[in-house]
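Structural overview for review
As a plain string of letters, each chain reads:
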Amino acid sequence: MTMIVAGPCAIESYEQIEELYKSVGGKIDYFRGGIHKYRSLANTYQGTYQALQWVRDLKAKYNVKYCGEIFSKDELMEYGKDFDMIQIGSRNMHNTNLLKLINSYCSWNNKPVLFKRHYAASIQEFVNHSSYLKDSEVYMCLRGIQGMHPEEQRFQPDMPDIARLRELTDSKIVYDASHSSCEKRFVAANALAALEYCPDGLMLEVHPTPAEALSDADQQLNILEFLNLVNKIK
Ligand code: PEP
Ligand code: MN
């Protein structure tokens, strides 16, 4: 059975995530959604600290595990205990200090790590950096790579790398069909194509009203689109 990690790009309000927990919570293995977001522009939505309490409440109410991204030691100490899986984002793949900290924390506390490939890293470089997480249960996550024309398409799908990665690691492999697709019209086809390479899991972004999303509005599925895709996956 393919593991599914899904939720919005960023947590925006209690109502937003409660609607998602209610409608898709029963279909997924981990709920995702950034409490804080890495954004290249400082005046864009950065997430909100309040989201931590919303996640605590809704995780307990709907009994769905939560996968959240950690950026620093302070966050790890404060949020770690509420996270069931700890995500290391693409931009932190090379942050070996953070990898060492997360490896100690997750191996000690028995929490899996979702480790995302940097969008410009080779597969070998990705595998090499995963050695910093050697004591933990790691899910290596492919999430698209930067192509020749990022101004036309920010990231390009890297599904065949599931097969290449499989030859180089014993860790589980997750395919992020949302960040690798960039536009929602490609997400379902790319997710289904990725399944041909037998990943252990899929990551998908879903939002109650994608057009109004405060980050990654172009690629998030709405609830109906998401449920249709999950039916095909399962
Ligand atoms: C995410 O999964 O929330 C995210 C920002 O993805 P990435 O780190 O792969 O860009
Ligand atoms: Mn996103």
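Residues numbered from 1 in each chain as written. Chains lettered and ligands numbered in written order. Predicted model: local features only at pLDDT ≥ 70, side-chain atom pairs only at ≥ 80, totals over all residues. Heavy atoms only, no water.

1. Topic: the sheet that holds strand β6 (residues 138-142)
Filter applied, for reference: Here the rule is simple: two strands pair whenever DSSP picks up at least two bridges between them. Helix numbering and strand numbering both begin at the N terminus, where a helix is a DSSP run of H or I of at least 4 residues and a strand a DSSP run of E of at least 2. Each axis is a line fitted through C-alpha atoms, and for a helix only the stretch in contact is used; angles between axes span 0 to 180 degrees, taken between their N-to-C directions. Only heavy atoms enter the contact rule, under which two residues are in contact if any of them lie within 4.5 Å.
Spatially, β1-β2-β3-β4-β5-β6-β7-β8 is the arrangement adopted by the eight strands of the closed barrel, whose pairing is parallel. Between one strand axis and the next, the sheet turns by 25° as a mean value, whatever way the strands run. As defined by bridge partners, strand β5 (residues 113-116) adjoins β6 across four bridges and the pair is classed as parallel. Bridge pairing links Phe 115 to Met 140 in β6. Lying over the sheet, helix α7 (residues 184-195) contacts β7 (172-176) and β8 (201-205), oriented at roughly 175° with respect to β8.

2. Here's the deal with helix α5 (residues 123-130)
What counts, and what does not: Exposure classes here rest on a 1.4 Å probe applied to the protein chains alone. A residue is buried below 20% of its type maximum, exposed above 50%, and partly exposed in between. In this description, the arc belongs to the directions extending from the helix axis to the C-beta atoms.
Of all the positions in α5, only Ile 123, Phe 126, Val 127, His 129 and Ser 130 are classed as buried. End-on, the buried residues of α5 take up no more than an arc of 165°, which puts them together on one face. Contacts made by the buried residues of α5 are with α4 (96-109), β5, β6 and α6 (161-166).

3. With respect to the nonpolar core
To be explicit about the condition: By nonpolar core is meant a set of buried Ala, Val, Leu, Ile, Met, Phe, Trp, Tyr and Cys residues that side-chain atoms within 4.5 Å join together.
By size, the foremost hydrophobic cluster in this structure holds 57 residues, and its most contacted members are Ile 102, Phe 115, Leu 204 and Phe 226. Setting aside residues no more than four positions away along its own chain, Ile 102 makes contact with Ile 70, Leu 76, Ile 86, Ile 88, Ser 107, Val 113 and Ser 136.

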